[in-house]
Amino acid sequence: MSASKPVLISGGGLASLLLAQSLRLSNIPFKIFERDASFVFRAQGYRLRLSPEGLDAIESVLDPQTFQRFWDRCGKTGGSGFVAFDAVTGEQIEHETSGSLASRGGKIVGIARGDMRKVFAEGCEEHIEWSKHVAGYELTDDGVRAIFADGTKSVEGSMLIGGEGIYSKVAKQLSGGRLKVYDTGARGIHGQAPSTAFKGLGEGVFRLRDDTRPNGAIFAITNVRPGDMDNPDIQFGWTMGGQPGVVRAPNDDYTIMGKEAADIAKSLTKDWHPRFKPLFDEMNEWEATFWKITCSTPSGVPEWPNDPRVTVIGDAVHSMTPAGGIGANTAVRDSALLGRLLREAGGYKPGITAAYEKEMRVYASEAVQKSYSTATTSFGVNIDEESSPTV
Ligand SMILES: Cc1cc2nc3c(=O)[nH]c(=O)nc-3n(C[C@H](O)[C@H](O)[C@H](O)COP(=O)(O)OP(=O)(O)OC[C@H]3O[C@@H](n4cnc5c(N)ncnc54)[C@H](O)[C@@H]3O)c2cc1C
């Protein structure tokens, strides 16, 4: 790698690690600062569906061998498409053919977030500094430094890329508070169970909907892949969500994980049809984790005065509701685009962040709008950009 100042990357999530791969392959030095102590610090949880755009972006960054390893780790689900059931009666209520969800070869392609992170981190490990909580940054005469929560500062970098997710301090500072993440009030739990618990469903992607509560619906989504259903050592995941006010944690503490979160999921699904109950009754309690359903400004990614040395990628700039399953797919497009611009310029050059932001605003705004409008009907969320609470 060249001896120039490194590109500093805040957060070691999906977008940051894919950008790091791109920089590594372009011989551009970089450093990642990750808040957690390791990759296994917390449950890595849920499964991501990959869209054609997301897969193309990932393939454009990784070298062919690494992409092949990534592809081999992806599950490819066929079945009859996206089938929705009434969670209580077990009746089928909707059926979408797999066309709209399939990515390659007519299959729905998905991967566990933890597996995706591991592949993206290959070869970048020595450039990750763990337990570094980025709280902001300062510009220098000829670069930028990250500032950590303990008051210390990083080495001087040529640029800082904020990829530290929905609570990004870099995004807040860069945009002067224009980048906002709204709390929709909807909450969810994601969890895992041995694959044998999913046998009653068969192969496919399923949405279960429970409309029996007066205060709103509960839904769960799961992807059942072929081949592994007889091996209880393999776990499949599910993601449950509730319209605002329906899924509640004790004392509104959504940081609780494990058994406490698992017990809530079990109690919410206690009257569900026997075909679906094993997903919850037999769950791996350690993996159960709450999540807040958040969304960036629904009308699109706002403008802010560009800084040539600092920009933001992934959920830090466009967080989305789970509707449409496009958050990570949009995040990896940022990494591919910014990585390409940096490669073409051979590293930092004035104008790169402006060119990146101009193009990103178009596809990311479309994605946020699409996800939000689907979520208003499916999850009953409603954001007022002036008055809704932010995270
Ligand atoms: C349950 C669930 C299901 C989902 N399903 C899908 C799906 O099917 N398809 C899809 O496209 N998207 C899906 N998403 C969205 C997707 O997970 C996100 O869009 C994606 O992870 C964003 O990647 P990121 O790298 O921007 O942020 P993250 O993956 O959130 O990574 C941010 C990283 O920054 C670190 N960090 C945080 N704060 C700091 C700090 N101050 N300093 C240093 N490091 C910090 C975090 O520890 C983390 O490692 C889903 C999300 C959830 C919650």
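As the structure is a computational prediction, the values presented were derived from the model and not from experiment.

Reading guide: rules and limits
- Residues numbered from 1 in each chain as written.
- Predicted model: local features only at pLDDT ≥ 70, side-chain atom pairs only at ≥ 80, totals over all residues.
- Helix = DSSP H or I, 4+ residues; strand = E, 2+ residues; numbered from the N terminus.
- Rg over C-alpha atoms; globule rule 2.2 N^0.38 Å.
- Contact = placed C-beta atoms within 7 Å.
- Near = placed C-beta within 6 Å.
- Nonpolar A, V, L, I, M, F, W, Y, C, P; charged D, E, K, R; others polar.
- Pairing = 2+ DSSP bridges.
- Axes fitted to C-alpha atoms, helices over the stretch in contact; angles between N-to-C directions.
- Parallel < 35°, antiparallel > 145°, perpendicular 65-115°, else oblique.
- Left-handed = near helix turned anticlockwise from the far one by under 90°.
- Expected span 1.5 Å × (residues − 1).
- Buried ≥ 20, exposed ≤ 12 C-beta atoms within 10 Å, placed from the backbone.

Draft legend 1. Molecular detail of the overall build of the protein chain. Across its full length, the protein chain holds nine helices and 17 strands. On C-alpha atoms alone, the protein chain measures out to a radius of gyration of 21 Å, which is about the 21 Å that the 2.2 N^0.38 rule sets for 391 residues. Each principal axis of the C-alpha distribution contributes one length, and for the protein chain these read about 65 × 50 × 35 Å. Taking as baseline every contact in the protein chain between residues at least 6 positions apart, the subset at least 24 positions apart corresponds to 77%.

Draft legend 2. Layout of the site of the ligand. For the ligand, the set of nearby residues contains 35 residues, the closest of which are Gly-11, Gly-13, Gly-165, Gly-314 and Gly-327. Breaking the shell around the ligand down by element, the ones donating at least two residues are α1 (14-25), β3 (47-50) and α8 (327-345). The residue inventory of the shell around the ligand, partitioned by class, reads 13 nonpolar, 14 polar and eight charged.

Draft legend 3. Representation of the sheet that holds strand β4 (residues 75-77). The antiparallel open sheet is built from three strands, whose spatial order is β3-β7-β4. Unpaired on one side and paired on the other, β3 and β4 mark the two borders of the sheet. The mean inter-strand angle of the sheet, taken between neighbouring strand axes irrespective of direction, is 35°.

Draft legend 4. Summary view of the packing of α8 against helix α9 (residues 352-378). With their axes 10 Å apart at the nearest point, α8 and α9 run at an angle of 160° to one another. For the element pair α8 / α9, the angle class is roughly antiparallel. Where α8 crosses over α9, the two elements pack in a sense that is right-handed. The segment α8 lies against α9, with Thr-330, Arg-333, Asp-334, Leu-337, Leu-338, Leu-341, Leu-342 and Ala-345 engaging Ile-352, Ala-355, Tyr-356, Glu-359, Met-360, Tyr-363, Ala-364 and Ala-367. By residue class, the composition of the contact of α8 with α9 is 12 nonpolar, one polar and three charged.

Draft legend 5. Structural detail: the pairing of strand β9 (residues 134-140). In this structure, β9 lies alongside strand β10 (residues 143-148), joined through six bridges in antiparallel fashion. Counterpart to Val-134 in the pairing with β10 is Phe-148.

Draft legend 6. Structural detail: the packing of helix α2 (residues 52-61) against α8. Contact geometry of α2 with α8 gives a least axis separation of 8 Å together with a crossing angle of 35°. Of the two elements, α2 crosses α8, and the hand of that crossing is left-handed. On α8, the residues touching Glu-53, Gly-54, Ala-57, Ile-58, Ser-60 and Val-61 of α2 are Ala-328, Asn-329, Val-332, Arg-333, Ser-335, Ala-336 and Gly-339. Partitioned by chemical class, the residues of the contact of α2 with α8 number six nonpolar, five polar and two charged.

Draft legend 7. The arrangement of unusual backbone geometry in detail. Positive phi, normally seen in glycine, also occurs at Asn-27, with a value near 65°. Here Asn-27 lies in the loop between α1 and β2 (30-33). A positive phi angle, close to 55°, is found at Asn-251, a residue other than glycine. In this structure, Asn-251 sits in the loop between β15 (235-242) and α6 (259-268).

Draft legend 8. Quick look at the environment of Thr-77. Residue position: Thr-77 is located in strand β4. Between the alpha carbons of Thr-77 and Asn-223 there is a distance of 7.5 Å; along the sequence they are 146 residues apart.

Draft legend 9. Molecular detail of α1. Between its terminal C-alpha atoms α1 stretches 17 Å, which fits the 16 Å expected from 12 residues at 1.5 Å a residue. With 10 of 12 residues buried, α1 is to be regarded as a mostly interior element. Taken as a whole, α1 has its buried residues at Leu-14, Ala-15, Ser-16, Leu-17, Leu-18, Leu-19, Ala-20, Gln-21, Ser-22 and Leu-23. Where α1 is buried, its residues contact β1 (7-10), β2, α2, α4 (113-121), β11 (159-162) and α8. Where α1 ends, the next residue or the one after it, Asn-27, has phi of about 65°, a positive value.

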